[in-house]
Amino acid sequence: MLPSRPLWPRLAAAVIALPCILAGADPSGARFSPLTQINTGNVKKLGVAWVYHTGEVHPGTPNAIGHKIAAFESTPLVVGTTLYVTTASGRVIALDAETGKELWKFDPQKDSAKRRSAANRGVAYWDGGKSGGRIVYGTPDGRLIELDARTGKPCLDFGDNGIVNLRAGVADAWPDAPYYLSSPPAIFRNLVITGSSVQEDPSHGPSGMVRAFDVRTGKPAWVFHTVPRPGEFGNDTWQGDSWKNRSGANVWSLMSVDEKRGLIFLPIGSATYDFYGADRKGNNLFANSLVALDANTGRRIWHFQLIHHDLWDYDPPAQPVLVMLKRDGREIPAVAQVTKSGFVFVFDRVTGKPLFPIEERRVPKSEVPGEQTSPTQPFPLKPPPLSLLKVTANDLSKVTPEHARYCSDLFRTLSGGSIFTPYGLTPTLVMPGTLGGATWSGGSFDPSSHYLFVNVNNVGAVGSMKKDDKPGPPGYHRWNAKGGAYARFWDERDWPCQKPPWGSLIAVDLDRGEFAWDVPLGVVDELKNQPPTGTPNLGGSIVTAGGLVFIGASTDRRFRAFSAKTGQELWEAKLEASAHATPATYLGERSKKQFVVIAAGGGGFFQGPVSDTVVAFSLKDSAH
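This section reports on the structure supplied with the text. Because the structure is a prediction, the values reported are computed rather than measured. Per chain, residue numbering runs from 1 following the sequence as it is written. Totals for whole chains, interfaces and linings use every residue, but because this is a predicted model, local features are given only for residues with pLDDT of at least 70 and side-chain atom pairs only at 80 or more, for both listing and counting. Water and hydrogen atoms play no part in the side-chain values, which are based on all heavy atoms of the structure.

To continue, consider the overall build of the protein. Secondary structure elements are taken from DSSP: a helix is a run of H or I of four residues or more, a strand is a run of E of two residues or more, and numbering for both begins at the N terminus. Along the protein, the regular secondary structure elements total two helices and 40 strands. Using C-alpha atoms as the atom set, the radius of gyration is obtained and then compared with a globule rule of 2.2 Å times the number of residues to the power 0.38. Relative to a compact globule of 624 residues, whose C-alpha radius of gyration would be 25 Å, the protein shows 23 Å and is just as compact. Across its three principal directions, the C-alpha atoms of the protein cover 65 × 60 × 60 Å. Residue contacts follow a heavy-atom distance rule, with two residues in contact if any of their heavy atoms lie within 4.5 Å. The contacts of the protein with a sequence gap of at least 6 include a subset with a gap of at least 24, amounting to 62%. In these tables, accessible area is a Shrake-Rupley quantity obtained with a 1.4 Å probe, and a residue counts as shielded only by the protein chains included in the view. Counting only carbon and sulfur atoms, one obtains 52% of the accessible surface of the protein, whose full area is about 22200 Å². The charge count includes Lys and Arg as positive and Asp and Glu as negative, but it does not include His or the ends of the chains. One atom stands in for each charge, and that atom is NZ of Lys, CZ of Arg, CG of Asp or CD of Glu. The average position of the 66 basic charges and that of the 59 acidic charges among the side chains of the protein differ by 1 Å.

This is the structure we're talking about:
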């Protein structure tokens, strides 16, 4: 039985409880499932139910900075008896959700002479009524495609035979610049709403504007300029004409929709160039902002800028989570935004009023010629920071003598060491770095406890600003480092240089603005005789009414279940590669078994094995 209303992409729809229970399929980003068959009492009896291999492991696209192999980051979406998953080349594969048997596959690049690949985090689903359900998603070459959910054939009444060219109108002047969707679009009523992934350097390039299209026809419905134009609110935060042709300020992560109130929430990323802003003086709205729009029209309702004049690649990476919180005996509709800078910002989702105090604190100035840093940055007083905000010599790791020597030697060559230290003309350490803090992994929310579960990194970034000799604006500086683009404060084995934990899973009580628990996420097998260190991680969590938080993410090739109440690890399974993706859970219509499924592909920013595996787990027959 198909649901009678639009379902949400990737992270929320991934936790649909079937056949007809849709609590996990709302567009809130909560990633909560009401299923209880797998619970704290029997989770140890989980075993592999089926395994599917996509047959695809791809090198990253030429412009994918920091990627040796394109990560397999897709979160499966389940509707009825069918599970849908995407690959890095933009293929959509439909599987029987209970057996893993392939039903159909669609390859948008089958006729391409040069195949592109990039992170693709899944699809959205729209219930087309009499015309049947539709799969809606974006490709690595900038196309929005609709497919018949039953057959995998393009819906010919949408756009040009099932395709809308998203590059048109935003990337015409830059035919070689990247423009694609790394995350599924949002769906609100009969609109499909798209963000984009664009270049991070140079400054000028395709626009990061957010657009809405008619989900039936593909015709444009509205546009929101994330870099305001003259006469629009916020244009005065760009000195002179620095807004012109500005790239970035894009929504590369997921958007969330409050269907009842008709609001869509945009986590808008950094303006280009991420690390240099002398050619874009000012606070640069709406870059690095959480923005609430009227989902029907694209009109701005409210906004809050999380980072002013970003110089650290601190773009909000995650889907906003729409929650109900208790305050003074009443429930408040709220939105929580986790950030790379390690903060959790919580707002009244209707008014934009902060639900915990936020203060502007003075931060260091830049020494780069022509740069004008913002004198202050916003610091929420609650909840506490998710990650370390400063590293001193006393904080350096000593897990092995060799590691300690390497990190001590590296640290002595660096200045800075804290959050909002601008990269200088000599090597600078910034904590947290470009891997967070929180990442695109985002959070999951338990509506009974009001706990937000967030996996985070404690990984600094290392680099300096160097005057660029290439043609461009006078005085233009670029970020550079001995370790290459996006160098980290870690050793040759990717072991971070400050004391563990290097990766954590944290439960934040959003009613009180305090941590309920905080545990290391992941182990380093070479350090098995030491307390768990945690590992760097990418990939999200889900939470279930069975009292469990499921998460892969860590670099140790494990998939785990934790107690949502206490943070105790209750179960783990070894995978073919690390699961840098978000899991899904669902109830099989025929077997009545609850399944938990995850993509385990490795790749992306981290070393280690790579794979093309989708693996599903269920309880052994005697366990339920």
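Now that the structure is up, let's keep going.
The strand order β3-β4-β5-β6 describes an open sheet built from four strands, whose pairing is antiparallel. The open sheet terminates on both sides in strands that have one partner only, identified here as β3 (77–79) and β6 (102–106). Averaged over neighbouring strand pairs, the angle between their axes works out to 20 degrees when direction is ignored. Two strands are said to pair when DSSP picks up at least two bridges between them. Across five bridges, strand β4 (residues 82–86) lies against strand β5 (residues 92–96) in antiparallel orientation. Each bridged residue has a counterpart across the sheet, and for T86 the counterpart in β5 is V92. Note on method: axes are straight lines fitted to C-alpha atoms, helices fitted across the in-contact stretch only, with angles between N-to-C directions ranging 0 to 180 degrees.

This part covers empty space enclosed by the protein. Points on a 1 Å grid over protein atoms alone make up a cavity when a 1.4 Å probe fits among them but cannot get out, and a pocket when they form an open set with protein on both sides within 12 Å along at least five of seven lines; lining residues each have an atom within 4 Å of a point. Grid points are joined across faces, edges and corners, and a volume is the space filled by probe spheres set on the points. As enumerated under the stated definition, the model contains five cavities of 30 Å³ or more in all. If you go around the largest cavity, you meet 13 residues; those closest to its centre are E56, V57, A70, F72 and S611. Taken as a whole, the second largest cavity holds about 50 Å³ of empty space. In terms of lining residues, the second largest cavity is bounded by F275, L311, S366, V368, E371, P422, Y423 and M465. Residues of the lining of the second largest cavity, tallied by class, amount to six nonpolar, one polar and one charged. When residues are sorted by character, Ala, Val, Leu, Ile, Met, Phe, Trp, Tyr, Cys and Pro go into the nonpolar class, Asp, Glu, Lys and Arg into the charged class, and all the rest, Gly among them, into the polar class.

This part takes up the environment of V596. Structurally, V596 can be placed in strand β39 (residues 594–600). Judged by relative accessible area, V596 falls into the buried class, the value being 0%. Remark: the alpha-carbon pair of V596 and L46, spanning 550 residues in sequence, is separated by 9.3 Å. Discounting residues that sit within four places of it in the chain, V596 has contacts with I38, F550, F559, P583, A584, T585, V615, A616 and F617. When a residue's accessible area, from a 1.4 Å probe over protein chains only, is under 20% of the maximum for its type it is buried; when over 50% it is exposed; and in between it is partly exposed.

So, about helix α2 (residues 401–412). For an α-helix, 3.6 residues make a turn, and residues three or four places apart therefore share a direction. By definition here, a helix of n residues has an expected span of 1.5 Å times n minus one. In a regular helix each residue adds 1.5 Å, so 12 residues correspond to 16 Å; α2 covers 17 Å between its end C-alpha atoms and thus fits that length. Of the residues making up α2, those classed as buried are H403, A404, C407, L410 and F411. Considered in projection along α2, the buried side chains sweep an arc of 135 degrees and stay on one side of the axis. Every exposed residue of α2 that faces more than 90 degrees away from the buried side is listed here: P401, R405 and R412. Considering only its buried residues, α2 is in contact with β27 (428–430). Arc definition: directions from the helix axis to the C-beta atoms.

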